[in-house]
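Results of the structural survey
Now for the letters of each chain:
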Amino acid sequence: MSLVFYSRADDPAPWRDAFAAALPDLVFETDADVRDPAAVRYALVWKPPHGWLAGFPNLRAIFSLGAGVDALLDDPALPAAVPLTRMVDAGMGRQMAEYAAWGVMHFHRGMQRYANQQRACDWRPHPGTPARQFRVGLLGLGVLGEQAARLIAATGYPVAAWTRTPRQVPGIENFAGAAALPAFLARTQVLINFLPLTPDTRGMLDATLFAQLPRGAAVINLARGPHLVDADLLAALDADHLSGALLDVFHAEPLAPDHPFWQHPKIVVTPHIAAITMADEAASQVIDNVRRLERGEAPLHTVDRDRGY
Ligand code: NDP
Ligand code: OXD
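Now for a quick tour of the structure. Just so it is clear, the structure is predicted and the values come from calculations on it, not from any experiment. (Residues numbered from 1 in each chain as written. Chains lettered and ligands numbered in written order. Predicted model: local features only at pLDDT ≥ 70, side-chain atom pairs only at ≥ 80, totals over all residues. Heavy atoms only, no water.)

**Digging into the nonpolar core**
Defined as follows: The term nonpolar core refers to a set of buried residues drawn from Ala, Val, Leu, Ile, Met, Phe, Trp, Tyr and Cys, joined through side-chain atoms within 4.5 Å. Burial status follows relative accessibility: with a 1.4 Å probe on protein chains alone, a residue under 20% of its type maximum counts as buried, one over 50% as exposed, and anything between as partly exposed. For the purposes of this entry, the term helix denotes a DSSP run of H or I that reaches at least four residues, the term strand denotes a run of E that reaches at least two, and both are numbered from the N terminus. As annotated, the domain borders come from an automatic or database domain assignment. Pairs of residues are marked as contacts when any of their non-hydrogen atoms sit within 4.5 Å.
One finds W15, F19, I152 and I192 to be the most contacted residues of the largest nonpolar core, which totals 55 residues. Examining the composition of this core, we find that 8 residues originate from one element, helix α3 (residues 92-108), more than from any other. The two domains that each donate at least three residues to this core are domain 1 (2-90 + 277-294) and domain 2 (92-269). Residue contacts for I192: discarding those within four places in its chain leaves A100, V104, V136, G137, L138, L139, I152, I220 and L222.

**Thoughts on the site of ligand 2**
Convention followed: For this description, a residue counts as near a given molecule or strand if any of its non-hydrogen atoms is within 4 Å of it. Definition of a polar contact: a pair of N or O atoms within 3.5 Å, with one able to donate and the other able to accept a hydrogen when the atoms are protein atoms, and with sequence-neighbouring residues admitted only if both atoms are side-chain atoms. Accessible surface is estimated by sampling points in the Shrake-Rupley manner with a 1.4 Å probe; for residues, cover comes only from the protein chains shown. Following the grouping adopted for this structure description, the nonpolar residues are Ala, Val, Leu, Ile, Met, Phe, Trp, Tyr, Cys and Pro, the charged ones are Asp, Glu, Lys and Arg, and the polar ones are all others, Gly among them.
Residues in contact with ligand 2, as listed here, are W46, G66, A67, G68, M92, R224, H272 and A275. Taking G68, its main chain carries an N or O atom lying 2.8 Å from an oxygen atom of ligand 2. R224 places a side-chain nitrogen or oxygen 2.8 Å from an oxygen atom of ligand 2. For ligand 2, the protein covers 87% of the area, taking 210 Å² as the surface of the free molecule. Split by residue class, the shell around ligand 2 holds 4 nonpolar, 3 polar and 1 charged.

**As for helix α5 (residues 143-154)**
Rules: What a helix should span is 1.5 Å times the count of its residues minus one.
Taking 1.5 Å as the rise per residue, α5 with 12 residues should run 16 Å; its terminal C-alpha atoms sit 17 Å apart, in good agreement. Among all positions of α5, only L144, G145, E146, A148, A149 and I152 are buried. Buried residues belonging to α5 abut α3, β6 (136-139), β7 (159-163), β8 (172-176) and β9 (190-193). Just downstream of α5 lies G156, where phi reads positive at about 105°.

Okay, structure coming up:
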């Protein structure tokens with residue numbers, strides 16, 4: 001039996017080593033060296049080309065290298081009867097929480113303005129507000145959002161989260177469902193997007209949503225680029241309705257060199273690094289699932305394809 005690995009963003013070497021140590025009978029192949037597609041039982045993948053997975057007729061499971069599976073679900077030829085699993089935390093929760101907390105403090109303390117002032121040798125302090133008066137709102141409170149919400153709340157910020165179904169997390173105010181979205185947005189000074197990309201959430205960071213945030217609010221998007229309508233963000237920033245944006249994900253990655261986000265004085269761009277799947281933290285989830293499947297058990301962390309996450 002073999003496992004095929006496909007990613008243009010991850011080095012296969014640490015994964016190969018982890019599988020060799022835990023499952024010595026499993027042949028580990030990358031997309032470049034698959035010998036017999038019919039012998040491939042498992043696929044461990046990040047953004048394979050559409051139709052590629054359909055070329056393995058005996059797959060027993062598709063394991064996503066990421067937490068988000070939107071790129072896989074977009075494949076019209078994704079084998080329908082094969083279980084699809086995703087990474088659940090796998091070391092990413094801590095990284096996402098660090099990134100989100102840094103973003104909150106960046107906006108709360110006006111650091112973008114000081115970065116711009118530095119370039120102009122402009123020594124000018126500005127008044128501030130205490131953390132307890134700077135209201136943070138998360139879209140999504142799943143595996144990753146919850147860890148960020150807890151860390152940010154622990155540093156003294158009032159934190160609320162908007163979810164599809166009601167969620168109880170101590171210290172985090174919850175707003176659930178479409179009807180609760182306006183009240184959630186009206187109280188939010190920095191909005192952090194932790195949603196999966198689904199037909200319901202695509203494009204929801206748009207002019208209508210921004211208009212419901214208080215003047216001067218900031219936006220952090222570390223979920224997926226297509227959640228955001230780029231032109232609407234630029235318009236809200238240029239009209240001074242929004243004060244800043246921290247963006248880790250984009251419609252097209254890498255972000256094109258001529259994209260206006262790169263040079264915008266109110267935008268910070270990072271290259272999809274809010275969290276990185278690291279083999280030493282994540283391989284055990286896949287190894288465990290291979291063992292389960294070989295024993296005839298259902299894998300853990302399967303994606304609900306109808307729900308889209
Ligand atoms: P989960 O599936 O655990 O959580 C998703 C959350 O979003 C849940 O709280 C869910 O609500 C909520 N949600 C989904 N759809 C809706 C909706 N229509 N309306 C309101 N709430 C909704 O996901 P994770 O926390 O594991 O991951 C979140 C995303 O983070 C991933 O999908 C991925 O896109 C992104 N990501 C980005 C990374 C980066 O480096 N930039 C790294 C890793 C992930 P409910 O609780 O009711 O189900
Ligand atoms: C993920 C990501 O979904 O890195 O894991 O974006």
